[in-house]
Amino acid sequence: MFTVTKKATTPFEGQKPGTSGLRKKVTVFQQPNYLHNFVQSTFNALPAEEVRGATIVVSGDGRYFSKDAVQIITKMAAANGVRRVWVGQNSLMSTPAVSAVIRERIGEDGSKASGAFILTASHNPGGPTEDFGIKYNMGNGGPAPESVTDKIFSNTTTISEYLISEDLPDVDISAVGVSSFSGPEGPFDVEVFDSSVDYIKLMKSIFDFEAIKKLLTSPKFTFCYDALHGVAGAYAKQIFVEELGADESSLLNCVPKEDFGGGHPDPNLTYAKELVERMGLGKSSSNVEPPEFGAAADGDADRNMILGKRFFVTPSDSVAIIAANAVQSIPYFASGLKGVARSMPTSAALDVVAKNLNLKFFEVPTGWKFFGNLMDAGMCSVCGEESFGTGSDHIREKDGIWAVLAWLSILAFKNKDNLGGGDKLVSVEDIVRQHWATYGRHYYTRYDYENVDAGAAKELMANLVSMQSSLSDVNKLIKEIRSDVSEVVAADEFEYKDPVDGSVSKHQGIRYLFGDGSRLVFRLSGTGSVGATIRVYIEQYEKDSSKTGRDSQDALAPLVDVALKLSKMQEYTGRSAPTVIT
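Residues numbered from 1 in each chain as written. Predicted model: local features only at pLDDT ≥ 70, side-chain atom pairs only at ≥ 80, totals over all residues. Heavy atoms only, no water.

S.K.: Help me understand helix α17 (residues 552–566) in this model?
M.R.: Count 3.6 residues to each turn of an α-helix, and residues three or four apart come out pointing the same way. Between the first and last C-alpha of α17 there are 21 Å, a value that for 15 residues agrees with the 21 Å anticipated at 1.5 Å per step. The sharpest bend along α17 comes to roughly 45°, located at Pro558. Close packing links the buried residues of α17 with β19 (441–452), α15 (454–467), α16 (471–481), β23 (510–514), β24 (519–525) and β25 (532–542). Between a side-chain oxygen at the N-terminus of α17 and the backbone nitrogen of Gln553 the separation is 3.1 Å; the capping residue is Asp551. One or two residues past the end of α17 sits Lys568, with phi positive at roughly 55°. (Helix = DSSP H or I, 4+ residues; strand = E, 2+ residues; numbered from the N terminus. Expected span 1.5 Å × (residues − 1). Bend = angle between axes of the 7 residues up to and from the residue. Contact = heavy atoms within 4.5 Å. Polar contact = N/O pair within 3.5 Å; in protein donor to acceptor, adjacent residues only side chain to side chain.)

S.K.: I'm lost on the packing of aromatic side chains in this one. Help?
M.R.: Evaluation of the coordinates by the stated rule reveals 19 aromatic pairs. Ring centres of Trp86 and Phe193 lie 6.3 Å apart, and the angle between their planes is 75°; this geometry places the pair in the edge-to-face category. Here Trp86 is found in strand β4 (residues 84–88), whereas its partner Phe193 is found in strand β9 (residues 186–193), with 107 residues between them in sequence. A residue is classified by how much of its surface remains accessible, and Phe193, at 4% relative accessible area, is buried. Ring centres of Trp368 and Phe371 lie 4.6 Å apart, and the angle between their planes is 70°; on these two criteria the pair is classed as edge-to-face. One end of the pair is Trp368 and the other is Phe371, both in helix α12 (residues 368–376) and three residues apart, which spans about a single turn. Of the two residues examined, Trp368 and Phe371, each falls in the buried class. Cluster of aromatic residues (ring-pair linked, three or more members): Phe12, Phe29, Tyr34, Phe65 and Phe132. Lying across the ring of Trp86, Arg105 places its NZ or CZ 4.6 Å from the centre. Between the NZ or CZ atom of Arg105 and the centre of the ring of Phe193, over which it lies, the distance is 3.8 Å. (Phe/Tyr/Trp six-rings, centres within 6.5 Å; stacked < 30°, edge-to-face > 60°. Buried < 20%, exposed > 50% of the residue type's maximum accessible area, 1.4 Å probe, protein only. Lys NZ or Arg CZ within 6 Å of the ring centre and 35° of its normal.)

S.K.: Sorry if this is basic, but what is going on with the pairing of β4 here?
M.R.: A regular strand carries its side chains on alternate faces of the sheet. In terms of residue burial, β4 counts as a mostly covered element, since five of its five residues are buried. Side-chain alternation along β4 places Arg84, Trp86 and Gly88 on one buried face and Val85 and Val87 on a second face that is also buried. Both strand β3 (residues 55–60) and β4 contribute to a ladder of three bridges, which runs parallel. Across the sheet, the residue bridging to Thr55 is Arg84, located in β4. Bridging between β4 and β9 involves five bridges; their strand directions are parallel. Of the residues in β9, the one forming a bridge with Val87 is Val192. (Pairing = 2+ DSSP bridges.)

S.K.: I tried to follow the UniProt feature "domain: Alpha-D-phosphohexomutase alpha/beta/alpha" (unreviewed entry) in the chain on my own but got confused; where do I start?
M.R.: Mapped onto the present numbering, the UniProt feature "domain: Alpha-D-phosphohexomutase alpha/beta/alpha" (unreviewed entry) falls on residues 15–162, 198–307 and 316–419. The distance from the first to the last C-alpha atom of residues 15–162 is 16 Å, and the span holds 36% helix and 21% strand. The distance from the first to the last C-alpha atom of residues 316–419 is 29 Å, and the span holds 45% helix and 15% strand. (UniProt positions renumbered as here; feature names shortened; annotations may be inferred.)

S.K.: What exactly am I supposed to notice about the pairing of strand β13 (residues 304–308) here?
M.R.: Within β13, five of the five residues are buried, leaving the element largely enclosed by the surrounding structure. Going residue by residue along β13, you find Asn304, Ile306 and Gly308 tucked away on one face and Met305 and Leu307 tucked away on the opposite face as well. When strand β12 (residues 293–297) meets β13, the two strands line up antiparallel, connected through five bridges. If you follow Ala297 over to β13, its bridge partner there is Asn304. Hairpin connection, β12 to β13: the antiparallel pair is bridged by six residues, and Ala301 has positive phi, about 70°. One ladder, built from three bridges, connects β13 with strand β14 (residues 311–313); its direction is antiparallel. When the bridges of β14 are listed, Ile306 appears paired with Val313.

So, in structure tokens, the structure goes:
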């Protein structure tokens, strides 16, 4: 019999959730009551019926401090009247799998989850001195909307006590099974289960696994998947090897580790070094022939990077290509797409596809919750963002493994008659270049300046806004920097009115729009744990098919020059180069 204790506490500063939850250094979360305060503030922000007597999920990407956090949240859930907690084995559950579990899983007693605490800092590094994070997802499987996260933050500023059942024993989360306890309000259960079962079942309902298996088992096709020691590794062997027949040697770094093997679990050309080398895109030349297809995941498996042999697919192009090929290649979309959407900083490649295919199109702020509203209303089927996130309405999160299966489906469809005999395979590069020939190419890059002084970052952004009051002055400056760049015809701070609930999101990024369709976008990211991250998005549209094969850096060089000098990046930040270029 466990008891409930009320513990006195005082607020911590800065517990405001960012675009995807609260992220801080592990040492911050290890402070007495820090995690407790945020969890209690979340319980207090939710409707009573979603807490008392409810079922909640508690899991994450397995990063350092996750196992401690699971036990703390479980004891607090019991004290707050939660009826049962579902935990992924070893506390491992990808963010997309959590969304799927909330939406799809039915317990043996008929229970369904009303929400989830997801323990992840996504693509941020892990380990005792690195990052930890926590976010709450709602009953639709998607991240809590701003109305809820605002309430959570407000609660963190006034909290004076939290509830916990300290005498509830720790649950063995390494073994599948149900642990039952009794408390002052009746029974309380903790079920540990393998989340890959529900997730694989969902993937099989979306894709033609037999068609993908024919591709992956063809001697003509080679494949490589890098989980970067994140939670995707808990799913990779079962999906790609056991279900789809890929060779086990095609999996890289697929053992989940608390510190991601000392690496940075961000699937981009900078941090996925081993995969980049294997795919023939590294600095060292190798005589080994690269695989036809490669992909990487981030820490919680909601992001993806797609690579062909010696060829990188930008995330902005990736979502556009998936949308353009979804109906013919993926059974789930056979009856057509309801609409498509992208985040504002993402290139306009998807816009062109939507226009040509006469699809509903939406441009939303950064943050997956905005896509979720459109999906819940039946207005959007496929969506994506430039920060390596792609997804569909099968869940309410971005889904890295789904994106890989979507690409394999397209490759399987394009090569259904090429797998035998001497016919040349249609490659990833072939698909992308054909897409450019049809829709035009959006040359695109992103410069990230990480851990910049927060005050300097705000000053830089304020200066960019104030400059928008006189576009003639802006254009005069631009001509002095580069005479070969088009004029700015419009500039603003992006504001979004949600067509579903009417909510308005302001200050979502600073835009400079050029007469030839080019764009410069500046944003402060909400996913870092210290300082500020300035993101600069640079995009040049080229409709002339004879000019879509240029080197991306060459095509973008004039706009890059303008972006850095117009923003006075080095003057404000002291940085002569970005931390990461993607």
